[in-house]
Amino acid sequence: MNASDRTPADLLRSALAADPARPLVTFYDDATGERVELSVATFANWVAKTANLLQGELSAAPGDRLALLLPAHWQTAVWLLACSSVGVTAELGGDPADADYVVAGPEGLEAGLACSGDRIALSLAPLGRRFPAPPAGYADYAVEVPGQGDRFAPFVPVDPDAPALLVDGTELTGTQLVERARADAAGLGLGAGGRLLSGRPYEGWSGLSAGLYAPLAAGGSVVLCRNLDLLDADGLAKRVESERVTVTLTD
């Protein structure tokens, strides 16, 4: 990746310029049997559409806060990069009452109603399906995002030294986040083209780094596994082989 990259959105742009066709996020849910693979180009397209929704439809601006009430999931990764693209501070599991916006999955819908701003709901169903009807108080992400533009440009340039992520009670700027991700990737021996399998939840920095930021910073990719505890040792070994995994983090 480019040494000049200072935000996660910068890292994604560099990945897109380098090799748009390579896999970036491969997602498994061992409770549903779901497998989704997103190339850099496909992932970047989802990010652009989501960032346009955030900036255009929701009128989000740099300095706003967004509570993400979502598990480790490919759509969570998309929202994290969309927030970085706009300059919005993302907080995994943040208090909706203190947030300007909330994005919630099925398990976070009730808590998310404490947010007085716009609320977006994700079904997290295979293939990104819609809810049968939008949950009360929410707009359905799967309804709102398809019509958004495939290219994104921020109305205001994103400041890499502004808050980008609140995790583990610590506020990280874009620059700090990228530096941490690069250090983590180096510590894991993850380089360009590496494949990291992560079963860690998106509850703290270790899970976010392994499940998104470190592979992105290294020029690698992630095999993001939800409900990995349902997979036995033989199944895990087969997945590591079939996905050409180079680093495995299951705890």
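Treat the numbers as computed from the prediction; the structure is a model and nothing was measured.

*Asks:* Help me out: how do you make sense of the overall build of the protein chain in this one?
*Replies:* Scanning the protein chain from terminus to terminus reveals eight helices and twelve strands. Against the 2.2 N^0.38 benchmark of 18 Å for 251 residues, the protein chain shows a C-alpha radius of gyration of 17 Å, consistent with a compact globule. If one aligns the C-alpha atoms of the protein chain with their principal axes, the spans along those axes are about 45 × 40 × 35 Å. In the protein chain, once contacts between residues fewer than 6 apart in sequence are set aside, the share between residues at least 24 apart is 67%. With an accessible surface of roughly 10,700 Å², the protein chain has 50% of that area assigned to carbon and sulfur atoms. On the protein chain, the mean spot of the 18 positive side-chain charges and the mean spot of the 32 negative ones are 6 Å from each other.

*Asks:* Where do I start with the pattern of salt bridges in this structure?
*Replies:* Following the criterion strictly, the structure yields eleven salt bridges and no others. The shortest N-O distance in the salt bridge between arginine 13 and aspartate 10 comes to 2.4 Å. Taken together, the residues arginine 13 and aspartate 10, both in helix α1 (residues 8-18) and three residues apart, mark about one turn of the helix. Its relative accessible area of 18% is what places aspartate 10 among the buried residues. Among the salt bridges present, the one from glutamate 37 reaches arginine 35, with a minimum N-O distance of 2.9 Å. Here glutamate 37 falls in the partly exposed class, since its relative accessible area comes to 40%. The exposure class assigned to arginine 35 is partly exposed, which follows from its relative accessible area of 42%. Three or more residues are tied together by salt bridges with common partners; here these are Arg35, Glu37, Arg195 and Glu243.

*Asks:* What is the right way to read the environment of leucine 122 from this model?
*Replies:* Here leucine 122 shows up in the loop between β6 (119-121) and β7 (139-140). Aside from chain neighbours lying at most four places away, what touches leucine 122 is Leu70, Gln75, Trp79, Val103, Ala104, Gly105, Pro106, Phe131 and Tyr141.

*Asks:* Just to check I follow, could you spell out the sheet that holds strand β8 (residues 163-167) for this structure?
*Replies:* Sheet strands pair via backbone hydrogen bonds, and the direction of the pair is either parallel or antiparallel. Taking strand neighbours across the sheet as the criterion, the seven strands line up as β7-β6-β5-β3-β4-β8-β9 in an open arrangement whose pairing is mixed. Edge positions in the sheet fall to β7 and β9 (170-173), since each of these pairs with one other strand and no more. In terms of strand pairing, strand β3 (residues 65-69) meets strand β4 (residues 89-92) through four bridges, oriented parallel. Looking at the pairing, leucine 66 lines up with alanine 90 of β4.

*Asks:* I'm lost on the nonpolar core in this one. Help?
*Replies:* In globular proteins that are soluble, nonpolar side chains generally tend to be buried together. One finds Phe43, Trp79, Leu80 and Tyr213 to be the most contacted residues of the largest nonpolar core, which totals 55 residues. The element that contributes the greatest number of residues to this core is helix α3 (residues 74-86), accounting for nine residues. The residues contacting tryptophan 79, other than those within four sequence positions of it, are Thr50, Leu53, Leu54, Leu66, Leu68, Val103, Ile120, Leu122 and Tyr141. Formed by ten residues, the second largest nonpolar core is a distinct cluster that contains Ala104, Cys115, Ala121 and Phe131.

*Asks:* Just to check I follow, could you spell out unusual backbone geometry for this structure?
*Replies:* Negative phi values dominate among residues other than glycine, just as trans dominates among peptide bonds. You will see that serine 59, though not glycine, has its phi angle at about 60°, which is positive. Residue placement: serine 59 occurs in the loop between α2 (40-57) and β3. One non-glycine residue with positive phi stands out, namely arginine 244, at about 55°. Accessibility expressed as a relative area gives 62% for arginine 244, which makes it exposed.

*Asks:* Would you explain the sheet that holds strand β1 (residues 23-29) in this entry?
*Replies:* Here we have five strands laid out as an open sheet, ordered β2-β1-β11-β10-β12, and mixed in their pairing. The sheet terminates laterally at β2 (34-39) and β12 (247-249), the two strands that pair on one side only. Direction aside, neighbouring strands of the sheet carry axes that sit 10° apart on average. For strand β10 (residues 195-198) and strand β11 (residues 221-226), the ladder comprises four bridges, and the chain directions are parallel. When the sheet's bridge partners are listed, arginine 195 is paired in β11 with serine 221.

*Asks:* Just to check I follow, could you spell out the packing of aromatic side chains for this structure?
*Replies:* To describe a pair of aromatic rings, one takes the distance between the centres and the angle between the planes. This model, assessed by the stated rule, comprises four aromatic pairs. Residues tryptophan 46 and tryptophan 74 carry aromatic rings whose centres are separated by 4.9 Å and whose planes lie at 80° to one another, so their mutual orientation is edge-to-face. With tryptophan 46 in helix α2 and tryptophan 74 in helix α3, this residue pair connects regions lying 28 residues apart in the sequence. Look at tryptophan 46 and you get partly exposed, because its relative accessible area is 24%. Note on tryptophan 74: relative accessible area 5%, which makes it buried. Plain terms: the ring middles of tryptophan 79 and tyrosine 141 are 5.5 Å apart, the flat faces sit at 50° to each other, and that makes the pair tilted. Residue tryptophan 79 is located in helix α3, and its partner tyrosine 141 is located in helix α5 (residues 141-144); the two are separated by 62 residues in the primary sequence. The pair formed by tryptophan 79 and tyrosine 141 is uniform in burial state, with each residue classed as buried. Among the aromatic residues, those joined into a cluster by ring pairs are Trp46, Trp74, Trp79 and Tyr141. The side chain of arginine 239 reaches across the aromatic face of tyrosine 28, ending 3.7 Å from its centre.

Basis of the calculations
- Residues numbered from 1 in each chain as written.
- Predicted model: local features only at pLDDT ≥ 70, side-chain atom pairs only at ≥ 80, totals over all residues.
- Heavy atoms only, no water.
- Helix = DSSP H or I, 4+ residues; strand = E, 2+ residues; numbered from the N terminus.
- Rg over C-alpha atoms; globule rule 2.2 N^0.38 Å.
- Contact = heavy atoms within 4.5 Å.
- Areas by Shrake-Rupley, 256 points an atom, 1.4 Å probe, with all protein chains shown as cover.
- Lys, Arg positive; Asp, Glu negative; His and termini not counted.
- Charge placed at Lys NZ, Arg CZ, Asp CG, Glu CD.
- Salt bridge = Lys/Arg side-chain N within 4 Å of Asp/Glu carboxyl O.
- Buried < 20%, exposed > 50% of the residue type's maximum accessible area, 1.4 Å probe, protein only.
- Pairing = 2+ DSSP bridges.
- Core = buried A, V, L, I, M, F, W, Y, C linked by side-chain atoms within 4.5 Å.
- Axes fitted to C-alpha atoms, helices over the stretch in contact; angles between N-to-C directions.
- Phe/Tyr/Trp six-rings, centres within 6.5 Å; stacked < 30°, edge-to-face > 60°.
- Lys NZ or Arg CZ within 6 Å of the ring centre and 35° of its normal.

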